Amino acid sequence: DKGDYEHFMLKEIHDQPSSIEDTFRGRISMDHSKIFLGGILDVLPSLINARRIIILACGTSWHAGLVSEYLFEEYARVPVEVEYASEFRYRKPILYPDDVVIAISQSGETADTLAAIRMVREQSEATILGICNVAGSSISRETDAGVYTHAGIEIGVASTKAFTAQITVLTMMAFLLGHRKKKISDSDYVKLVNALTEIPGKMREILNHEGFIKDVANKYTNVTNSLYLGRGVLYPVALEGALKLKEISYIHAEGYPAAEMKHGPIALIDENMPVFVLAVKDDSYEKITSNIQEVKARNGKVVAIVTEGEKTLRNMADDVIEIPACHKSLSPLLAVVPLQIISYQIAVMRGCNVDQPRNLAKSVTVE
Ligand code: F6R
């Protein structure tokens with residue numbers, strides 16, 4: 001049921017603060033000093049001793065995997081490879097018994113992801129975990145253990161709340177693992193968990209400014225091309241923003257790590273090219289500011305997603321959308337929301353079928 005919303009996608013964008021809370025439920029202690037992930041309790045020793053984590057997924061779920069690569073490396077100090085399931089399964093990958101493979105899938109039925117974990121099972125002793133949204137789905141049944149995202153049923157073909165729920169689960173896993181491996185002190189652990197629990201409230205603040213974000217989107221409904229840039233943990237969010245726009249509005253969009261722009265894509269920039277830049281205050285803020293200057297020097301239009309209260313970029317970018325300040329590792333959960341709203345709004349303005357875009361299926365059960 002869409003309730004008062006015009007489309008499922010819009011409802012699902014608005015569901016996110018509560019679907020993240022549902023994904024926390026029963027998994028975080030009241031004092032924020034503990035994370036319990038019952039589904040992976042039995043395999044925790046394998047995770048703690050993992051030589052490597054290999055993440056297998058497709059599409060938006062692959063983007064969630066990319067975000068988690070930064071978190072697992074930084075907090076749990078474990079090497080991570082994030083692979084398109086469709087490529088991995090046709091390679092001759094090297095698998096070790098002490099690898100942990102994590103398959104991420106909203107539907108739990110994606111043919112390539114399922115085939116990839118079957119291949120891992122046949123060829124190795126590696127532990128296989130699943131992060132699925134649909135309980136009892138094929139992938140959830142064929143993994144050794146896993147953690148469900150509790151995003152609720154997702155109907156819009158363009159994934160929104162499943163993505164943020166996947167990042168939520170992966171973040172909890174990375175923090176839990178880091179703490180168990182003693183890479184995170186007790187006090188830092190509480191701070192990180194605390195910062196994570198603040199995300200739904202901050203997301204609500206963004207959703208309260210939806211009208212403003214729509215006004216920005218309305219300026220860009222007639223473009224034919226667009227670029228999305230981000231650095232670090234926000235690079236996968238740039239990929240996700242571009243995918244959302246392509247899928248539902250049929251506008252050509254590309255996501256790039258901002259520093260790669262000068263290695264090619266910068267040639268595309270002219271006054272007709274909007275560039276959506278994820279420029280929150282974090283370790284890469286100075287660098288991203290100079291990337292914005294490079295775009296402006298070529299007359300590109302810059303829409304910057306910035307941290308509340310930021311002043312410098314206000315004079316540089318054509319449009320500025322503020323999001324609340326948050327822990328630097330958690331910004332993907334907030335920064336993706338304005339990008340989802342922009343894609344939704346542009347698609348609606350163009351008269352596209354938002355919930356059922358052409359050529360796409362909710363669950364890709366063909367190879
Ligand atoms: C994008 C989208 C797809 C899916 C992909 C994987 O909005 O919905 O890219 O993310 O088909 O699907 P799951 O997560 O069900 O394996």
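Everything that follows concerns the structure shown earlier in this document.
The paragraphs below set out a description of the structure included in this document.

The rules behind the values
- Residues numbered from 1 in each chain as written.
- Predicted model: local features only at pLDDT ≥ 70, side-chain atom pairs only at ≥ 80, totals over all residues.
- Heavy atoms only, no water.
- Helix = DSSP H or I, 4+ residues; strand = E, 2+ residues; numbered from the N terminus.
- Rg over C-alpha atoms; globule rule 2.2 N^0.38 Å.
- Buried < 20%, exposed > 50% of the residue type's maximum accessible area, 1.4 Å probe, protein only.
- Contact = heavy atoms within 4.5 Å.
- 1 Å grid on protein atoms, 1.4 Å probe; cavity = no way out; pocket = protein on both sides within 12 Å on 5 of 7 lines; lining within 4 Å.
- Points joined across faces, edges and corners; volume = space filled by probe spheres on them.
- Nonpolar A, V, L, I, M, F, W, Y, C, P; charged D, E, K, R; others polar.
- Salt bridge = Lys/Arg side-chain N within 4 Å of Asp/Glu carboxyl O.
- Near = heavy atom within 4 Å.
- Polar contact = N/O pair within 3.5 Å; in protein donor to acceptor, adjacent residues only side chain to side chain.
- Areas by Shrake-Rupley, 256 points an atom, 1.4 Å probe, with all protein chains shown as cover.
- Sits in = over half its atoms within 2 Å of the grid points.
- Disulfide = S-S within 2.5 Å.
- Phe/Tyr/Trp six-rings, centres within 6.5 Å; stacked < 30°, edge-to-face > 60°.
- Lys NZ or Arg CZ within 6 Å of the ring centre and 35° of its normal.

### Quick notes on the overall build of the protein
So, step 1. The secondary structure content of the protein amounts to 14 helices and 10 strands.
So, step 2. Taken over C-alpha atoms, the radius of gyration comes to 20 Å for the protein, in line with the 21 Å a tight globule of 367 residues would show.
So, step 3. A principal-axis box enclosing the C-alpha atoms of the protein has dimensions of 55 × 45 × 45 Å.
So, step 4. Across the 367 residues in the protein, those meeting the buried criterion constitute 59%.
So, step 5. Residue pairs in contact within the protein that sit at least 24 positions apart in sequence constitute 76% of those at least 6 positions apart.

### Some points on the layout of surface pockets
So, step 1. Volume-wise, the largest pocket comes out at about 560 Å³.
So, step 2. Mapped onto the lining of the largest pocket, the elements with two or more residues apiece are α3 (59–76), β3 (99–105), α5 (111–123) and α11 (235–249).
So, step 3. Its residues assigned to classes, the lining of the largest pocket shows nine nonpolar, 11 polar and six charged.
So, step 4. A volume near 220 Å³ is recorded for the second largest pocket.
So, step 5. Each residue belonging to the lining of the second largest pocket can be placed in one class, and the counts come to three nonpolar, three polar and five charged.

### Thoughts on the pattern of salt bridges
So, step 1. Applying the stated rule across the entire model yields 21 salt bridges.
So, step 2. D112 is the partner of R89 in a salt bridge, and the nearest nitrogen-oxygen pair spans 2.6 Å. On the criterion of sequence distance, the pair formed by R89 in the loop between α4 (85–88) and β3 and D112 in helix α5 is long-range, its members being 23 residues apart.
So, step 3. In this structure D112 comes out as buried when scored by relative accessible area, which is 11%.

### Brief notes about the site of the ligand
So, step 1. Surrounding the ligand, one finds 15 residues, the nearest of these being S61, S105, Q106, S107 and T110.
So, step 2. T60 is positioned with one of its backbone polar atoms (N or O) 3.1 Å from an oxygen atom of the ligand.
So, step 3. In this structure, an oxygen atom belonging to the ligand sits 2.6 Å away from a side-chain N or O atom of S105.
So, step 4. Protein contacts shield 90% of the accessible area of the ligand, which totals 410 Å² for the unbound molecule.
So, step 5. Of all the cavities here, the one that holds the ligand is the largest pocket.
So, step 6. For the shell around the ligand, the secondary structure elements donating two or more residues are α3 and α11.

### Some words on the state of the cysteines
So, step 1. Going through the model one piece at a time under the given rule, you end up with zero disulfides.
So, step 2. Not part of a disulfide, C132 finds its nearest cysteine sulfur in C58, a span of 12 Å.
So, step 3. Assessed through its relative accessible area of 1%, C132 is described here as buried.

### What to know about the packing of aromatic side chains
So, step 1. For the structure shown, the criterion picks out four aromatic pairs.
So, step 2. Note on Y220 and F276: the rings are 6.1 Å apart at their centroids and 70° apart in plane angle, and the pair reads as edge-to-face. Here Y220 is found in the loop between α10 (210–218) and β6 (225–230), whereas its partner F276 is found in strand β8 (residues 274–278), with 56 residues between them in sequence.
So, step 3. Residue class for Y220 comes out buried when judged on its relative accessible area of 6%.
So, step 4. Residue classification places F276 among the buried positions, given a relative accessible area of 2%.
So, step 5. One aromatic cluster is present, formed by Y220, Y228 and F276 through successive ring pairs.
So, step 6. For the cation-ring pair, R51 lies above Y96, with the distance from its terminal atom to the ring centre recorded as 3.6 Å.
So, step 7. The ring of Y250 carries the charged tip of R358 above its face, separated from the ring centre by 3.8 Å.

### What about empty space enclosed by the protein?
So, step 1. Applying the stated criterion across every chain, the model contains one cavity of 30 Å³ or more.
So, step 2. What lines the largest cavity is I40, L44, L47, F72, M173, L176 and L177.
So, step 3. Looking at the lining of the largest cavity, the elements that each hand over two or more residues are α2 (44–48) and α7 (161–180).
So, step 4. When residues of the lining of the largest cavity are assigned to their parent elements, the largest contribution, three residues, is made by α7.
So, step 5. Residues that form the lining of the largest cavity fall into these classes: seven nonpolar, no polar and no charged.

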